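Working through the structure, step by step
Take a look at the letters that make up each chain.
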Amino acid sequence: MQMRFHGNTPHQVVLVNSPVSSLDNPQRSWPLKRTADGGDSQFPPAEITRVEMSLQIRRMPILFLLLALIPMLAQSVSLVEQVQPADELLSSHWLSQAQAQLCKRLARTKGTIADERQAKNVVMLLGDGLSITTLTAARILKGQRRGGRGEEAQLAVEQFPFTALSKTYCIDEQTPDSACTATAYFGGVKTHSGTVGQSGSGERVDSVLQWAQRAGKATGVVTTTRLTDASPAGAYAHVSRRGEELEIARQLMEEEPGRNLNVILGGGLGKFAEERRDGKDLLAQWRESNPNGCFSRSLKELRNCSAATGNLLGIFSDSHMSYHQAASKEQPRLCEMAAVAIEKLEQKSREDGNGYFVFIEGGRIDHGHHETRVGYALDEMLEFDAAVETVVQMTDPRDTLVVVTADHSHTLSMAGYAKRGTPILGMDAQQRDVNGVPYSTLNYAIGKWQSLDNEGRRESPSKTLSPTSYTPSYIHGRKGVHSGEDVAVFAMGPQSHLFGGVMEQNLLPHLMGYAACLGSGVTLCNQDKDAVPPVPEFS
């Protein structure tokens, strides 16, 4: 079969020697006549009956459609089954890529923004699952709790002068988990979903906290989740599967950089003692390694540790710390842990003059979203907001770089045309669907509860909604899921002007390293200020 194109439009395409009629009669074909000038006649031979001709003409558009679909189908298959690029499996690929991005940013701001300040200290705060919708809804809730309409309120990050967006994908998933993202924002390397502190090929990836320790800085990790959960584990652990939490706990206590951390605060006591099957008591090991250290299990004990001269370990729950709304008074708030951590690290810094690097995570924002209980998620976000405010008040922007970001997003949406001041955890009853059924302002794309009646029809969620209830979702799932859109980055302090625009998530540690002179890449300390720095090569 041949295809001839007369002009540029589909209706001018004709077939030559096409055996279309063999679909009905395998003994006959329908050759098109060749004209004297080499063209093709569109009229069949006289022996073809008018009925046959009509059948063939009706089939031709279907054939053309199939022919047009073949390349598209082939392309879609190739996109799904494409092989992972080999270079993306290597640490060197992502480290070189991030350094190239850093050098472009330096070149772009050269001569326009002059900031020669080096960051003596770095505070990185991470809201796990902190989507931009979560920021907006939490801001409104903050204002409404204070008696206002809500929309006019401000979060602590709104004081920060520089804002960016971060691209969060893993090397194998469009929508990431907290393990591959931790490897990116701590180690500068994107990796497989579920992998912590390793490249796609299994190479060890050192975190920016290890860079800080090599520079002589004090370091700390603070979280409201288990200390062995994916996000905090990215600071010190190297495992191919994030679920290996017993191994992660061992690395925290026995290997660098974990064993050198000056402050460790969070949950997950069971991973260090009761749940272990190797006979190790990792808490006893920590006490033995830190004879001047202080171990705390409650807020009171944590406060009593402030006078201790050694390192600080606080584990306040067997698993994740309780949601703030459900916690006892003996459980410290995130802002209280942040304050103790900075006090301890400042004390250490005054002794050696080298500064500190601390990671502070509001980890249960994500858990509230996974349960599709937006009231929990927003309250955890406001706890995170209080921690950010505490850090801002306790640090000096002249020598401390503060970076606030998220690892990934969630499917929470804020939709409709609710009136100003509508309770953000409730609904504007005037907002209705095409069947006249009211809907809530906040909803999830996927989750446990669809607000359906016994016949499967959507009904108003008004009787069920509360600060701790499930939030309606569109698609029925076992739990809420992550979403893949970009997340926000906020920065204040030395070199914070570099945190702008849209960036790959694995650029973050390189920007912090540049500002604080950490790591083996381009830094403020090794850069020729009169020239655009060359891109370092990593092998």
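For the structure itself, look to the data block above.
In this report, we go over the structure that sits alongside the text.

**Focus on empty space enclosed by the protein**
Applying the stated criterion across every chain, the model contains 3 cavities of 30 Å³ or more. Of the voids in this model, the largest cavity is the one considered here, and its volume is about 40 Å³. As for the largest cavity, its lining consists of Val 374, Ile 424, Leu 425, Gly 426, Ser 440, Thr 441, Leu 442, Leu 465 and Thr 471. Residue composition of the lining of the largest cavity, by class: 5 nonpolar, 4 polar and no charged.

**Overview of the nonpolar core**
Residues Phe 272, Phe 357, Phe 499 and Met 512 are the most contacted members of the largest nonpolar core, which totals 59 residues. For this core, the element with the highest residue contribution is helix α13 (residues 508-516), accounting for 6 residues. Not counting the four nearest positions on each side in its chain, Phe 357 is found in contact with Val 122, Met 124, Val 208, Leu 209, Ala 212, Ala 218, Thr 219, Gly 220, Met 512 and Leu 518. In this structure, Ile 140, Ala 338, Ile 342 and Met 381 belong to the second largest nonpolar core, which totals 56 residues.

**Side note on the packing of helix α7 (residues 245-254) against helix α8 (residues 282-289)**
It is the contact of α7 with α8, at a shortest axis distance of 10 Å, that shows an interaxial angle of 10 degrees. Looking at the two axes, α7 sits roughly parallel to α8. Across the interface between the two elements, Ala 249, Arg 250, Met 253 and Glu 254 from α7 touch Leu 282, Gln 285 and Trp 286 from α8. Residues that form the contact of α7 with α8 fall into these classes: 4 nonpolar, 1 polar and 2 charged.

**Thoughts on the side chain of Asp 407**
Here Asp 407 shows up in the loop between β10 (400-406) and β11 (409-410). In this structure, Asp 407 is buried with no salt-bridge partner, the nearest side chain bearing the opposite charge being Arg 242 at 7.6 Å. With residues up to four places along the chain from it excluded, the contact list for Asp 407 reads Leu 126, Gly 127, Asp 128, Gly 129, Thr 168, Ser 178, Thr 181, Tyr 185, Ser 231 and Gln 505.

**Some words on the sheet that holds strand β14 (residues 473-476)**
On the basis of which strands lie adjacent, the open sheet formed by 3 strands has the order β12-β13-β14 and mixed pairing. Of all the strands in the sheet, just β12 (412-414) and β14 have a single pairing partner and so form its edges. Each adjacent strand pair in this sheet contributes to an overall mean axis angle of 20 degrees, direction not counted. For strand β13 (residues 442-447) and β14, the ladder comprises 3 bridges, and the chain directions are parallel. By the bridge assignment, Tyr 444 is partnered in β14 with Ser 473.

**Things to note about the state of the cysteines**
Within the structure shown, the criterion is met by 3 disulfides. Through a disulfide, Cys 170 is tied to Cys 180; the S-S separation comes to 1.9 Å. Sign of the S-S torsion, about -50 degrees for the bond between Cys 170 and Cys 180, identifies this disulfide as left-handed. Note that Cys 170 is positioned in the loop between β4 (162-167) and α4 (178-187) and Cys 180 in helix α4, a separation of 10 residues in sequence. The residues Cys 170 and Cys 180 share a single accessibility class, namely buried. In this model Cys 517 forms its disulfide with Cys 525; the gap between the sulfur atoms is 1.9 Å. Since a negative S-S torsion denotes a left-handed disulfide, the Cys 517-Cys 525 link at about 90 degrees is right-handed. For Cys 517, a relative accessible area of 17% corresponds to the buried category.

**Remarks on α4**
For α4, the tally of buried residues reaches 10 of 10 residues, placing the bulk of the element in the interior. For α4, the set of buried residues is Ser 178, Ala 179, Cys 180, Thr 181, Ala 182, Thr 183, Ala 184, Tyr 185, Phe 186 and Gly 187. Between the side-chain oxygen at the start of α4 and the backbone nitrogen of Ala 179 there is a gap of 3.3 Å, and the oxygen is on Asp 177.

Cut-off values and rules
Residues numbered from 1 in each chain as written. Predicted model: local features only at pLDDT ≥ 70, side-chain atom pairs only at ≥ 80, totals over all residues. Heavy atoms only, no water. 1 Å grid on protein atoms, 1.4 Å probe; cavity = no way out; pocket = protein on both sides within 12 Å on 5 of 7 lines; lining within 4 Å. Points joined across faces, edges and corners; volume = space filled by probe spheres on them. Nonpolar A, V, L, I, M, F, W, Y, C, P; charged D, E, K, R; others polar. Core = buried A, V, L, I, M, F, W, Y, C linked by side-chain atoms within 4.5 Å. Buried < 20%, exposed > 50% of the residue type's maximum accessible area, 1.4 Å probe, protein only. Helix = DSSP H or I, 4+ residues; strand = E, 2+ residues; numbered from the N terminus. Contact = heavy atoms within 4.5 Å. Axes fitted to C-alpha atoms, helices over the stretch in contact; angles between N-to-C directions. Parallel < 35°, antiparallel > 145°, perpendicular 65-115°, else oblique. Lys, Arg positive; Asp, Glu negative; His and termini not counted. Salt bridge = Lys/Arg side-chain N within 4 Å of Asp/Glu carboxyl O. Pairing = 2+ DSSP bridges. Disulfide = S-S within 2.5 Å. Polar contact = N/O pair within 3.5 Å; in protein donor to acceptor, adjacent residues only side chain to side chain.

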